[in-house]
Amino acid sequence: QVQLVESGGGLVQPGGSLRLSCAASGFTFRRYAMSWYRQAPGKERELVGRITSTGGVTNYADSVKGRFTISRDNAKNTVYLQMNSLKPEDTAMYYCNADRPLNLYWGQGTQVTVSS
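In this report, we go over the structure that sits alongside the text. (Residues numbered from 1 in each chain as written. Predicted model: local features only at pLDDT ≥ 70, side-chain atom pairs only at ≥ 80, totals over all residues. Heavy atoms only, no water.)

Another aspect to go through is the state of the cysteines. For the structure on display, the rule yields one disulfide. Note that Cys22 is cross-linked by a disulfide to Cys96, the S-S spacing being 1.9 Å. Handedness here is read from the sign of the S-S torsion; for Cys22 and Cys96, about 45°, the answer is right-handed. One end of the pair, Cys22, is in strand β3 (residues 18-25); the other, Cys96, is in strand β9 (residues 92-98), with 74 residues separating them in the sequence. By relative accessible area, Cys22 is classed as buried at 0%. (Disulfide = S-S within 2.5 Å. Helix = DSSP H or I, 4+ residues; strand = E, 2+ residues; numbered from the N terminus. Buried < 20%, exposed > 50% of the residue type's maximum accessible area, 1.4 Å probe, protein only.)

With that out of the way, let us pick up the pattern of salt bridges. As enumerated under the stated definition, the model contains five salt bridges in all. Where Arg50 meets Asp99, a salt bridge forms, and the shortest distance between an N and an O atom there is 2.5 Å. Placement of the pair is Arg50 in strand β5 (residues 46-51) and Asp99 in the loop between β9 and β10 (110-114), with a sequence separation of 49 residues. Given the relative accessible area of 30%, Arg50 is considered partly exposed. (Salt bridge = Lys/Arg side-chain N within 4 Å of Asp/Glu carboxyl O.)

Right, here's the structure in full:
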């Protein structure tokens, strides 16, 4: 059974940093590109960024480019989201997700709140 467990969220001041983790199980992690999404209250879920199966290529939303970095450790079945220079508008629930056909599976997410 596919499971995605996000962790690492919390309350941080503007300009601060957080590192999110997503532990995956139930599928061959190294074969799938992974993405991070976020959803703020009252807004639609949006793509933050994506990393290919080998980790060789990453893509980011314009809103986080230069501040966020996605990485992965295929030996640990884990994908990471390093978030620097955080802004209040980064406040959201953050989720990881695998490429199709596993994109129907979602974890519980981890809350990130950026506030002074």
